[in-house]
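Here's the letter readout for the chains.
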Amino acid sequence: MAHGEKINKRKENKRKHIVDIFRQHPVLSKAEAKRYSGYSMDTIMTSFKILKNTGIIVPTEGKQKEKGRKALFYTLNHEKQVYLGITFNQKAIYTSIVSFSNKVLAKTKVGISSSISKEEFTRVMLQQIDEVLSKNPVFTNNLVAVGCTVPGDIDTRNGILRSYTLMPQLKDFNFNELLSTKFPNTRIFFDHNISSMISYILSTSDINQRYDRIMVVSARAASAVGLIYKGAIVNSRGEIGHIKVCDDNHQCICGRSGCLDCYFSYEAFVKLLQQQNAIDENECYDNVIAKLNNHYTNRTEGIFEKLDTALKFFSEALLDVTNVFSPDYILLTGDLFEIYNDPVAQIDIHIKDLFHDTGYITMYKRALMEFQSIKTESIAHGVCLSLIKQDWGYSA
């Protein structure tokens with residue numbers, strides 16, 4: 001019995017591999033699938049038959065050879081299985097419908113106030129879900145799973161938001177209750193925004209093929225670090241913001257003093273602008289980031305120096321984390337880095353000032369560091385990609 005089960009799993013694994021080949025080559029004949037996969041024609045024919053009978057692939061037009069027998073071509077039926085991704089930040093709620101083929105089929109975005117009440121937040125989120133599903137009637141019928149990916153401190157097992165510093169009124173918001181009521185017979189998955197962002201990065205770039213050890217640092221409200229080893233997420237939410245970077249008595253919410261978050265975070269930057277009377281009451285997030293960038297670019301007295309010091313503190317924390325984890329590649333992303341125009345160059349200047357290289361400790365020098373702007377809507381896509389990998393992942 002076990003032997004037969006193993007055979008069936010191997011066959012299923014091969015079919016999932018063939019589906020992945022279709023993702024890279026949208027139109028395939030059996031002969032082309034055989035060439036790309038290395039499987040026997042018998043395996044290809046059996047797999048194609050099952051995939052066709054279950055509606056995963058459908059016939060399509062393809063480019064025929066000038067001579068010889070005409071081939072039959074197939075493509076993925078993108079609407080056969082779809083996934084709903086939901087995320088938000090203090091600016092908007094984002095939803096995406098993603099096919100098992102990894103293709104984004106629909107998406108919506110609605111702006112919200114950072115002070116939105118729990119009741120209004122619930123109403124708007126349900127409205128956005130209905131809107132994205134209504135773009136095609138088959139989405140509701142073919143919905144496989146719902147992924148909800150959340151900023152802040154999220155209990156991913158129970159779907160409860162413990163806290164989100166930019167929207168404190170959403171403390172203890174129960175996403176599981178909301179979505180289980182909306183989708184009573186559908187699998188629901190909860191994750192943290194940085195995890196879903198990493199899933200998006202791994203699925204849409206080749207960095208995991210080029211580097212074994214990857215460190216992703218995200219800085220939107222504050223800074224967090226994720227670790228990837230050989231394509232697998234090892235840790236999705238390291239709290240780099242609670243590394244001690246200063247000996248002053250600036251108290252952090254974690255209970256310690258002198259943490260990076262006290263200086264390099266959205267909240268710290270808002271306080272800086274308030275102290276300089278350089279911010280309007282209830283200024284929106286995007287305007288604050290734009291103002292900070294303007295003050296940094298124009299070297300505004302009283303603001304530029306403190307922004308630069310904050311980046312120096314971040315650079316020191318980054319150096320500590322780099323020396324511990326020894327990554328091959330460091331990816332920076334997030335709006336706080338965009339304040340600094342070329343964050344990689346500025347961080348490198350600070351680290352060279354902090355770290356007088358003696359040649360013995362080479363972790364930072366060996367790591368390639370780059371900045372990439374990844375928008376929040378990509379995170380709703382990323383949580384769907386996590387679900388698709390759960391369902392359609394295979395061993396090569």
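Up top you'll find the structure we're talking about.
The model shown is predicted, which means the values in this text are computed figures rather than measured ones.

What counts, and where the lines are drawn
- Residues numbered from 1 in each chain as written.
- Predicted model: local features only at pLDDT ≥ 70, side-chain atom pairs only at ≥ 80, totals over all residues.
- Heavy atoms only, no water.
- Helix = DSSP H or I, 4+ residues; strand = E, 2+ residues; numbered from the N terminus.
- Contact = heavy atoms within 4.5 Å.
- Areas by Shrake-Rupley, 256 points an atom, 1.4 Å probe, with all protein chains shown as cover.
- Salt bridge = Lys/Arg side-chain N within 4 Å of Asp/Glu carboxyl O.
- Buried < 20%, exposed > 50% of the residue type's maximum accessible area, 1.4 Å probe, protein only.
- Expected span 1.5 Å × (residues − 1).
- Pairing = 2+ DSSP bridges.
- Axes fitted to C-alpha atoms, helices over the stretch in contact; angles between N-to-C directions.
- Parallel < 35°, antiparallel > 145°, perpendicular 65-115°, else oblique.
- Left-handed = near helix turned anticlockwise from the far one by under 90°.
- Nonpolar A, V, L, I, M, F, W, Y, C, P; charged D, E, K, R; others polar.
- Phe/Tyr/Trp six-rings, centres within 6.5 Å; stacked < 30°, edge-to-face > 60°.
- Disulfide = S-S within 2.5 Å.
- Core = buried A, V, L, I, M, F, W, Y, C linked by side-chain atoms within 4.5 Å.

Draft legend 1. View of the overall build of the chain. Secondary structure assignment for the chain yields 15 helices and 16 strands. For the chain, the C-alpha atoms occupy an extent of roughly 75 × 55 × 45 Å along the three principal directions. In the chain, once contacts between residues fewer than 6 apart in sequence are set aside, the share between residues at least 24 apart is 63%. For the chain, the exposed area adds up to about 20,000 Å²; of that, 48% sits on carbon and sulfur atoms.

Draft legend 2. Quick look at the pattern of salt bridges. What the rule picks out here adds up to 17 salt bridges. In this structure, R213 engages D328 in a salt bridge whose closest nitrogen and oxygen atoms are separated by 3.2 Å. Residue R213 is found in strand β12 (residues 213-219), and its partner D328 is found in the loop between α11 (304-325) and β15 (329-333); the two are separated by 115 residues along the sequence. Accessibility expressed as a relative area gives 30% for R213, which makes it partly exposed. For the salt bridge of K375 with E338, the shortest nitrogen-to-oxygen distance reads 3.8 Å. Taken together, the residues span a long stretch of sequence, with K375 in the loop between β16 (368-371) and α15 (377-392) and E338 in helix α12 (residues 335-338) at a distance of 37 residues.

Draft legend 3. Molecular detail of helix α13 (residues 343-354). Taking 1.5 Å per residue, twelve residues should reach 16 Å; α13 reaches 16 Å between its end C-alpha atoms and fits that length. Tucked inside the fold, the buried residues of α13 contact α11, β15, α12, α14 (363-366) and β16.

Draft legend 4. Region of the structure containing the sheet that holds strand β9 (residues 160-163). Reading across from one edge, β8-β9-β10 is the order of the three strands in this open sheet, with antiparallel pairing throughout. The sheet is open, and its two edges are formed by β8 (153-155) and β10 (173-174), each paired on a single side. Pairing between β8 and β9: three bridges, direction antiparallel. For I154, the partnering residue across the bridge sits in β9 and is L161.

Draft legend 5. View of the packing of helix α4 (residues 118-133) against helix α6 (residues 175-182). At a closest axis distance of 12 Å, the pairing of α4 and α6 adopts a crossing angle of 40°. On the basis of their axis angle, the class for α4 and α6 is oblique. Note that α4 runs across α6; the crossing there is right-handed. In this structure, α4 uses F121, T122, M125, L126, I129 and D130 to contact α6, whose residues at the interface are F175, L178, L179 and K182. When grouped by side-chain class, the residues that make up the contact of α4 with α6 number seven nonpolar, one polar and two charged.

Draft legend 6. Examining the packing of aromatic side chains more closely. A complete count under the given rule lists 20 aromatic pairs for this structure. Between F121 and F175, the ring centres sit 6.1 Å apart and the planes meet at 85°, which makes this aromatic pair edge-to-face. Residue F121 is found in helix α4, and its partner F175 is found in helix α6; the two are separated by 54 residues along the sequence. Each member of the pair, F121 as well as F175, carries the same accessibility label: buried.

Draft legend 7. Focus on the packing of helix α2 (residues 30-37) against helix α3 (residues 41-53). Where α2 contacts α3, the two axes come as close as 9 Å, and the packing angle between them is 120°. By the angle class used here, α2 and α3 are oblique. The element α2 and its partner α3 pack so that their crossing is right-handed. Within the contact between the two elements, α2 uses K30, A31, A33, K34 and S37 and α3 uses M41, I44, M45 and F48. Classifying every residue of the contact of α2 with α3 by side-chain character gives six nonpolar, one polar and two charged.

Draft legend 8. Highlighting the state of the cysteines. Overall, the coordinates contain zero disulfides when judged by the stated rule. Not part of a disulfide, C246 finds its nearest cysteine sulfur in C262, a span of 9.0 Å. Between C384, a cysteine without a disulfide, and C148, which holds the nearest cysteine sulfur, the sulfur-to-sulfur distance is 11 Å.

Draft legend 9. Here's a closer look at the nonpolar core. Counting residues in each nonpolar core, the largest one holds 82 residues, and the members touching the most others are F88, F121, F175, F264, F314 and I347. For this core, the leading source of residues is α11, giving ten residues. Ignoring any residue separated from it by four or fewer positions in sequence, one finds F175 in contact with F88, F121, M125, C148, V150, G159, L161 and F190. Grouped together as the second largest cluster of nonpolar side chains are 39 residues, F22, V98, C384 and L387 included.

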